[in-house]
Amino acid sequence: MNHEVLVLGGGYAGLPAAKRLARRVRADEVSVTLVTAFPEFVERPRLHQLATGQPVEIVPVVDYLAGSAVQLVIGSVTAIDLDTRTVIVSRDGDEHAMRYDTLIYALGSNIDTAHVPGVAEHAHSLVGTDAAARARVRLRALAEDAGRVAVCGGGLTGIEIAAEVAESFPTLDVTLVSGSAPGGWLSDRAQAYLARAFDRLGVTVQPGRRVREVRPGELVLDRGHLANDLCLWAGGFRVPTLARDSGLAVNGDDRALVDRTLQSVSHPGVYVIGDAAAVAGAWGPQLAMGCRSGGFTGPKVADVVAARLTGREPAPFRFRYLHECISLGRRHGLVQFLNADESPKRRILTGRAAIAYKNVTLGGAKLLFRHSGPFLARRRSLSPAGRPARRPA
Ligand SMILES: Cc1cc2nc3c(=O)[nH]c(=O)nc-3n(C[C@H](O)[C@H](O)[C@H](O)COP(=O)(O)OP(=O)(O)OC[C@H]3O[C@@H](n4cnc5c(N)ncnc54)[C@H](O)[C@@H]3O)c2cc1C
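Nothing here was measured: the structure is a model prediction, and the numbers come from that model.

About the criteria used
- Residues numbered from 1 in each chain as written.
- Predicted model: local features only at pLDDT ≥ 70, side-chain atom pairs only at ≥ 80, totals over all residues.
- Heavy atoms only, no water.
- 1 Å grid on protein atoms, 1.4 Å probe; cavity = no way out; pocket = protein on both sides within 12 Å on 5 of 7 lines; lining within 4 Å.
- Points joined across faces, edges and corners; volume = space filled by probe spheres on them.
- Helix = DSSP H or I, 4+ residues; strand = E, 2+ residues; numbered from the N terminus.
- Nonpolar A, V, L, I, M, F, W, Y, C, P; charged D, E, K, R; others polar.
- Near = heavy atom within 4 Å.
- Polar contact = N/O pair within 3.5 Å; in protein donor to acceptor, adjacent residues only side chain to side chain.
- Areas by Shrake-Rupley, 256 points an atom, 1.4 Å probe, with all protein chains shown as cover.
- Core = buried A, V, L, I, M, F, W, Y, C linked by side-chain atoms within 4.5 Å.
- Buried < 20%, exposed > 50% of the residue type's maximum accessible area, 1.4 Å probe, protein only.
- Contact = heavy atoms within 4.5 Å.
- Phe/Tyr/Trp six-rings, centres within 6.5 Å; stacked < 30°, edge-to-face > 60°.
- Lys NZ or Arg CZ within 6 Å of the ring centre and 35° of its normal.
- Pairing = 2+ DSSP bridges.
- Axes fitted to C-alpha atoms, helices over the stretch in contact; angles between N-to-C directions.
- Expected span 1.5 Å × (residues − 1).

Participant: Please give an account of the layout of surface pockets that cites residues and values.
Facilitator: Of the pockets and cavities examined, the second largest pocket occupies roughly 180 Å³. What lines the second largest pocket is a set of 13 residues, among which His3, Thr102, Arg308, Leu309 and Ala385 lie closest to the centre. Top element by residues in the lining of the second largest pocket is helix H9 (residues 291-309). It accounts for three residues. Partitioning the lining of the second largest pocket into residue classes produces five nonpolar, five polar and three charged.

Participant: Explain the site of the ligand to me, and be specific about the residues and the numbers.
Facilitator: Neighbouring the ligand are 26 residues; Ala13, Arg44, Val77, Asp275 and Lys358 lie closest to it. The separation between an oxygen atom of the ligand and a polar side-chain atom of Thr36 is 3.4 Å. Protein coverage of the free-state accessible area of the ligand, which is 1,000 Å², stands at 89%. Elements represented by at least two residues in the shell around the ligand include exactly strand E4 (76-81) and helix H6 (156-168). When its residues are assigned to classes, the shell around the ligand shows 12 nonpolar, 10 polar and four charged.

Participant: Can you tell me about the nonpolar core, naming the residues and giving the values?
Facilitator: The biggest cluster of nonpolar side chains holds 63 residues, and the ones touching the most others in it are Leu8, Leu21, Ile80, Val87, Ile104 and Val272. Residues within four places of Leu8 in sequence aside, it is in contact with Val35, Val77, Ile80, Val87, Leu103, Ile104, Tyr105, Ala106 and Leu107. Membership of the second largest hydrophobic core comes to 37 residues, among which are Leu126, Tyr193, Ala197 and Leu334.

Participant: Tell me about the packing of aromatic side chains, and please be specific about residues and values.
Facilitator: Across all of its chains, the model carries 11 aromatic pairs by this definition. Aromatic pair Trp283 and Phe317: ring centres 5.8 Å apart, planes at 85°, arrangement edge-to-face. Taken together, the residues Trp283 in the loop between strand E19 (277-279) and H9 and Phe317 in the loop between H9 and strand E20 (323-327) connect sequence positions 34 residues apart. Given the relative accessible area of 10%, Trp283 is considered buried. Every member of this aromatic cluster is reached through a ring pair, and the members are Trp283, Phe296, Phe317, Phe319 and Tyr321. Over the aromatic face of Phe237 sits the side chain of Arg44, whose NZ or CZ is 5.4 Å from the ring centroid. Stacked on the ring of Phe337, the Lys or Arg Arg347 has its end atom at 4.2 Å from the ring centre.

Participant: Which residues make up the sheet that holds strand E2 (residues 30-36), and what are the values?
Facilitator: Spatially, five strands are ordered E3-E2-E1-E7-E18 in an open sheet, and the strand pairing comes out parallel. Only two strands of the sheet have a single partner each, and these edge strands are strand E3 (71-74) and strand E18 (270-272). On average, adjacent strands in this sheet sit at an angle of 20° to one another, irrespective of strand direction. Here strand E7 (residues 102-105) runs beside E18; their pairing, made up of three bridges, is parallel. The residue bridging Ile104 from the neighbouring strand is Tyr271, located in E18. Strand contacts of helix H1 (residues 14-24): strand E1 (3-8), E2 and E7, with the helix running at about 165° to E2, the strand carrying the most contacts.

Participant: Please provide a residue-by-residue account of unusual backbone geometry, values included.
Facilitator: One non-glycine residue with positive phi stands out, namely Asp92, at about 50°. Mapped onto the elements of the fold, Asp92 is located in the loop between strand E5 (86-91) and strand E6 (94-99). On the basis of relative accessible area, Asp92 is assigned to the exposed category, the value being 80%. Phi is positive for Ala146, close to 50°, though the residue is something other than glycine. Within the secondary structure, Ala146 is located in the loop between helix H5 (129-144) and strand E9 (148-152). For Ala146, a relative accessible area of 45% gives the class partly exposed.

Participant: An account of the environment of Thr175 is needed here, citing residue identities and associated values.
Facilitator: Within the element layout of this structure, Thr175 appears in strand E10 (residues 173-178). Through-space distance from the C-alpha of Thr175 to that of Thr86 is 47 Å; in sequence the pair is 89 residues apart.

Participant: Outline H9, supporting the account with residue identities and numerical values.
Facilitator: In this model, H9 (19 residues) spans 27 Å end to end at C-alpha, consistent with the 27 Å of a helix rising 1.5 Å per residue. Within H9, 14 of the 19 residues are buried, leaving the element largely enclosed by the surrounding structure. Positioned one or two residues after H9, Gly311 has a phi angle of 80°, which is positive.

Participant: Could you give me a rundown of empty space enclosed by the protein, with the residues and numbers involved?
Facilitator: Evaluation of the coordinates by the stated rule reveals two cavities of 30 Å³ or more. In this structure, the largest cavity occupies an estimated 80 Å³ of space. Among the residues forming the lining of the largest cavity, the class breakdown is eight nonpolar, one polar and four charged. As a volume, the second largest cavity reaches approximately 30 Å³. Lining the second largest cavity are Ala22, Val25, Ala27, Val30, Val32 and Ala69.

Honestly, it's all geometry; don't read function into it.
Here's what the structure looks like:
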């Protein structure tokens, strides 16, 4: 009987976790299965490029898994029973129960469309490739009539979408609406550069205006209204409630609480990584959501699980912030270098060098998906503790 590891979610965290773990254990002793909703890898940092009609490489998850022993199941996880160690997966309209000995939960986050009334009904959000395609159709049609686009949210996603739309569709009138100053956490130099970039692109920035409701053709703000022909919503990320609903210990934002080995504080044998996890450390009570949290916790959890299954004590998770890469269309970007605690350094990189830097970073992540490390330690055998417990019939 093999030790069954289920990895839920094939994004920036789950994909490298599954692939690396399969490299670290023996396939005749440990089965690694990746369950994920879509057959294609969704490169979320490029969704705004898809929405503006640019060619974006779409890679099937199965291609990234080529040559590995990871089994792939395309389906949607609808429930987790932590007592019986069973996950319910919906596939082609049927529900399937999948048992596990070790669970790696990596279901990520998405743009929060539920918090503000009217967003789900009347706004477009780049929550996936289909949503990006729908936004593209609307943007193209509006560009012919010099329409008005309101982008809501002054975080990285809103900044990037506003810049991308303004650059790709210069006839559009783009307004970025935000409760606080867009990029207000960046260094003064970076904020000054951002303001110049928006000015050059013709994006009107309206900071200090909180959106209370999205209605057809208008935003209701805390002071006044803003008429628009299309609302693009980027008002923050939220994780699915599945972790909380399953009984895993979570924080106030529903991110699962984990220890320094990324194991759930409430359920041994369950590991949570990427945006779904609240990983506490010198950097604070949780890592900022982003590809890097997945890129670091994914490979790390593979090493932790492999160590535990083969009778070794894993080293704790280590991390330090390095940079924030922001695209401002395809010709300009902004890289803000960070201190270990995420506060901004004075140092920034701008212009074409910055967009090239971001492209290299995103390309590097995909390279790592293909090659999970040529110098990984040899596969070890399971220790007695790693052998699967007899399961209830
Ligand atoms: C428009 C946009 C732009 C972004 N730009 C940047 C950027 O420039 N830089 C940056 O660092 N971050 C960016 N992010 C955030 C970044 O994409 C995420 O933080 C990162 O993807 C988190 O990795 P993850 O593995 O935790 O989650 P994800 O990469 O989202 O992976 C989660 C996976 O789980 C799957 N899944 C979810 N629910 C289920 C279910 N019930 N059943 C089965 N499968 C499921 C999803 O389909 C997905 O494959 C952006 C996000 C968006 C939306």
